[in-house]
Amino acid sequence: MSSNSQNISFQAGQAKGQTQEKASTMMDKASNAAQSAKESLQETGQQIKEKAAGATESVKNATGMNK
């Protein structure tokens, strides 16, 4: 193999490695964003659940059903 073709092969290997690393980094970022969104939705759901429970208690108190 000539020196020129070895150099081209080496550069192609480097480009492939860099592309794989960039893809891996993007997948990690996407995974982190998805996890963050999941946690945010879970927190929002919990807040809604607590507000609904509070509203239920308010209605029970207002109607005398909580005695």
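Everything below is about the structure shown above.
Just so we're clear, the structure is a prediction, and the values are computed from it rather than from any experiment. (Residues numbered from 1 in each chain as written. Predicted model: local features only at pLDDT ≥ 70, side-chain atom pairs only at ≥ 80, totals over all residues. Heavy atoms only, no water.)

A. Geometry of the overall build of the chain. In terms of helices and strands, the chain carries one helix and zero strands. Here the C-alpha atoms of the chain give a radius of gyration of 29 Å, more than 25% beyond the 11 Å that 2.2 N^0.38 yields for 67 residues. In terms of overall dimensions, the chain has C-alpha extents of about 95 × 10 × 5 Å along its principal axes. Split into buried and exposed, the 67 residues of the chain put 0% on the buried side. (Helix = DSSP H or I, 4+ residues; strand = E, 2+ residues; numbered from the N terminus. Rg over C-alpha atoms; globule rule 2.2 N^0.38 Å. Buried < 20%, exposed > 50% of the residue type's maximum accessible area, 1.4 Å probe, protein only.)

B. Spatial organisation of helix α1 (residues 3-63). In this model α1 runs 90 Å from its N-terminal to its C-terminal C-alpha over 61 residues, within 8% of the 90 Å that 1.5 Å per residue would give. Looking one or two residues past α1, Gly64 carries a phi angle of roughly 80°, positive in sign. (Expected span 1.5 Å × (residues − 1).)

C. Representation of the pattern of salt bridges within the structure. Counting across every chain of the model gives one salt bridge. Glu57 serves as the salt-bridge partner of Lys60, at 4.0 Å between the closest nitrogen and oxygen. Of this pair, Lys60 and Glu57 both sit in helix α1, three residues apart, roughly one helical turn. A relative accessible area of 30% places Lys60 in the partly exposed class. With relative accessibility at 34%, the residue Glu57 sits in the partly exposed group. (Salt bridge = Lys/Arg side-chain N within 4 Å of Asp/Glu carboxyl O.)

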